[in-house]
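Architecture at a glance
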Amino acid sequence: MNDARREFATLAAKEPVPLARGALLIAKEEYPNLDLDEYLDKLATLAREAEPIVRAGEDTVERIQLLSHFLFELKGFEGNAQNYNDPRNSFLNDVLNRRLGLPITLSVVYLEVGRRLGINLFGVSFPNHFLVKAVDERGELIIDPFVGGKILALDEIRARLTQIYGQPVELNPAMLKARGARHILARILRNLKIIYMDKSDWTRALSTLDRIIMLEPRSLDELVERGGLFERLECFKPALDDYQSFLSQAPDHPAAEAAREAVLRLIRQVALIN
């Protein structure tokens with residue numbers, strides 16, 4: 001286990017998980033010499049620069065509009081629609097340097113800067129597209145940092161659901177539920193996992209699975225997926241351990257039969273090695 005992974009394991013054991021530090025530790029696997037404090041200072045500097053602008057807002061709506069103006073117009077942050085699958089969009093240091101990101105990493109910037117200014121902000125794990133919401137005594141505002149921090153009306157949110165699913169879908173309140181740092185970091189890692197799997201970059205994909213399981217030890221889908229990846233990489237003993245752990249937790253899971261077959265296959269492989 002490398003230093004970044006050990007530090008991430010320590011962070012994942014905390015509650016609450018520190019969001020910005022966790023996001024930077026995800027990046028540190030790719031950039032081993034990354035100075036986390038330097039980028040935490042960048043976020044703090046953004047908040048200090050934004051403070052006199054945002055403070056002029058008389059209510060939450062105005063403060064959100066001013067924060068969005070600061071980040072997306074004055075500072076030039078934007079969604080990287082042209083190169084959406086560039087892994088750099090998922091690394092917070094790159095997002096801060098390049099001012100380009102995904103909905104979820106731009107949301108991390110928005111959350112970290114806005115919270116430092118006293119705005120009550122939360123991540124929202126909307127299907128296919130991460131969002132942010134601001135909460136005050138009058139209710140909630142849904143914000144999309146990928147499109148300049150636009151405040152979304154309910155009709156726009158419903159229209160997005162129709163676009164995602166190809167048919168009208170009822171807006172379930174759970175779709176706009178506030179999500180904590182643990183969930184946000186796992187979703188960043190799942191995005192990276194998909195990118196690496198598509199590129200057949202099995203080593204990096206495995207690293208994302210390791211860290212998802214650190215954050216969410218009962219992530220059964222990732223556990224069985226990691227077992228399959230270990231087997232692909234001919235790491236037969238870790239593969240066997242993952243499949244056996246999966247079966248002990250979920251003997252009736254739809255993937256259980258395939259996992260049992262894998263266990264029998266791997267027991268033979270491990271015996272041959274030993």
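Just above sits the structure.
One structure accompanies this document, and this report is about it. Per chain, the residues get numbers from 1 upward, laid out in the order the sequence is written. Only residues with pLDDT of at least 70 are given local features in this predicted model, and only at 80 or more are side-chain atom pairs given and counted; all residues enter the totals for whole chains, interfaces and linings. For the side-chain quantities, the full set of heavy atoms in the structure was used; hydrogens and water were omitted.

This part is about the overall build of the chain. Where helices and strands are cited, they refer to DSSP runs of H or I of at least four residues and of E of at least two residues respectively, numbered from the N terminus. Regarding its fold elements, the chain presents twelve helices and seven strands. Taking 274 residues into account, the globule formula puts the C-alpha radius of gyration at 19 Å, and the chain, at 21 Å, falls close to it. The dimensions of the chain, computed from C-alpha atoms along their principal axes, are 70 × 45 × 35 Å. Relative accessibility thresholds used throughout: buried, under 20% of the residue-type maximum; exposed, over 50%; partly exposed, between the two (1.4 Å probe, protein chains only). A burial count over the chain gives 49% of its 274 residues as buried. Put simply, the chain shows about 13500 Å² of open surface, and 49% of that area lies on carbon and sulfur atoms. Two residue types count as positive, namely Lys and Arg, and two as negative, namely Asp and Glu; His and chain ends fall outside the count. Here the site of a charge means atom NZ of a Lys, CZ of an Arg, CG of an Asp or CD of a Glu. Computing the positive centroid from 36 side-chain charges and the negative centroid from 40, the chain places the two 2 Å apart. As defined in this context, the radius of gyration uses C-alpha atoms, and a globule is described by 2.2 Å times the residue total to the power 0.38. Residue exposure ignores everything except the shown protein chains as possible cover, and the areas themselves are Shrake-Rupley values with a 1.4 Å probe.

The next thing to look at is the packing of aromatic side chains. To describe a pair of aromatic rings, one takes the distance between the centres and the angle between the planes. A pair of aromatic rings is counted whenever rings of Phe, Tyr or Trp (Trp by its six-membered ring) have centres within 6.5 Å, and the orientation is called stacked for planes under 30 degrees apart, edge-to-face for over 60 and tilted otherwise. Per the counting criterion, the structure on display carries three aromatic pairs. With a centroid separation of 5.9 Å and 85° between ring planes, the pair formed by Tyr31 and Phe91 is classed as edge-to-face. With Tyr31 in the loop between α2 (19-28) and α3 (36-54) and Phe91 in the loop between β1 (78-79) and α5 (92-98), this pair connects stretches of sequence that are 60 residues apart. For the pair Tyr84 and Phe146, a centre-to-centre distance of 5.8 Å together with 75° between the ring planes defines the contact as edge-to-face. In this pair, Tyr84 is assigned in the loop between β1 and α5 and Phe146 in the loop between β5 (139-144) and β6 (150-152), connecting sequence segments 62 residues apart.

Note that every value here comes from positions in space, so none of it alone points to a role or purpose.
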